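If you want the building blocks of each chain, they are given just below.
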Amino acid sequence: MLIDSHAHLMFPQFSGDLDELLVRARAAGVGQIVNVGTNLETSRAAIAMAETHDTVFASAGFHPADSEKADASSLKKLPDLLARRRVVAVGETGLDFYRNYAPREMQERAFRVHIRLACEMGMPLIIHSRAAETRVLDILEAEGGSKVGGAMHCFGGNAAEARRAVDLNFHLGFGGIVTFKNSHALKVALGVPVERLILETDCPFLAPVPKRGKRNEPAYVRYVAECLARAGRGKFDSVCRQTTQNAQTLFGLPS
Ligand code: NI
């Protein structure tokens, strides 16, 4: 079995064929999916989907792109969502200095609130970090994020940053990017300790080869596992078994 630890099934790209998509996921061996919220609206939609589909779980939080929506009154609504059945993580949250969707101070303020909330509620974090790894890790360290740990999703940092994330009790998530030609992320993924590696799609974005450029979906996490196995991460079956066990432990999913 495989787990897609980072999907956005409530995005409009999936409104036409969600049921077929879940059938294809099962057929590809993808037995559990973490459906990741990006603001209040999408978090509510992610939870609703998890409550009606037994292979789907949810998270709730504000993506750094949505940090402008993460004002004090919106953030106050998060604990109720996080307490819902089937919600397994806080996020996605983090920092994006590549696109600079919102002023850095605004992103950082929202990120810190998410970390504190995760610690209060004893839930793992799902972290988006782009061109901001050092700052993300500094803030996680300062706020005591290692108490709950979580997933550094679609990890794009170097080997030293990966080690620091592992030392801070984080798992590293890898998706379609490892299948791209001359992938730096693939080299980093091959060095991650076996008990800290998890797989994801980040669908509808970043489809792996041979679906690159198309809409991504949970079934394609299989291509990521195959790529890692081919690159020397171990036999395909053991990549599946280990990453599944890691994601289940991290998010408290039924095994
Ligand atoms: Ni995402």
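Residues numbered from 1 in each chain as written. Predicted model: local features only at pLDDT ≥ 70, side-chain atom pairs only at ≥ 80, totals over all residues. Heavy atoms only, no water.

Q: Which residues make up the coordination of the nickel ion, and what are the values?
A: Protein-derived coordination of the nickel ion comes from H6 (NE2), H8 (NE2), E92 (OE) and D202 (OD), at a distance range of 2.1 to 2.6 Å. Every donor counted, the 4 donor atoms about the nickel ion form angles of 83 to 176° at the centre, which fits irregular coordination. Of note, the donors binding the nickel ion are all from one chain and are spaced H-x1-H-x83-E-x109-D. With H6 in strand β1 (residues 2-7) and E92 in strand β4 (residues 87-96), the pair connects residues that are 86 residues apart, well separated along the chain. Neither H6 nor E92 differs from the other in exposure class; each is buried. (Donors = N, O, S within 2.8 Å, 3.2 Å for Na, K, Ca; no water. Tetrahedral: all angles 85-135°; square planar, octahedral: opposite > 155°, others 65-115°. Helix = DSSP H or I, 4+ residues; strand = E, 2+ residues; numbered from the N terminus. Buried < 20%, exposed > 50% of the residue type's maximum accessible area, 1.4 Å probe, protein only.)

Q: Summarise the sheet that holds strand β7 (residues 170-174); cite the residues concerned and give the values.
A: Pairing in this open sheet of 8 strands is parallel, and the strands run β1-β2-β3-β4-β5-β6-β7-β8 from one edge to the other. Each edge of the sheet is formed by a strand with only one pairing partner; in this case those strands are β1 and β8 (197-199). Along the sheet, successive strands turn relative to each other by an average axial angle of 30°, direction set aside. In terms of strand pairing, strand β6 (residues 150-153) meets β7 through 3 bridges, oriented parallel. (Pairing = 2+ DSSP bridges. Axes fitted to C-alpha atoms, helices over the stretch in contact; angles between N-to-C directions.)

Q: Before we move on, can you summarise the pairing of strand β2 (residues 30-36) with the specific residues and values?
A: Of all 7 residues that make up β2, 7 are buried, and the element is covered over most of its length. Where β1 meets β2, 4 bridges bridge the pair, whose relative direction is parallel. Within the sheet, the bridge partner assigned to D4 lies in β2 and is I33. Between the parallel elements β1 and β2, the chain passes through helix α1 (residues 18-27) in a crossover that is right-handed. Here 4 bridges tie β2 to strand β3 (residues 56-60), and the two strands are oriented parallel to one another. Paired with I33 across the bridge in β3 is V56. (Right-handed = clockwise from strand over helix to strand, strands pointing away.)

Remember that the coordinates give geometry; whether it matters functionally is a separate question.
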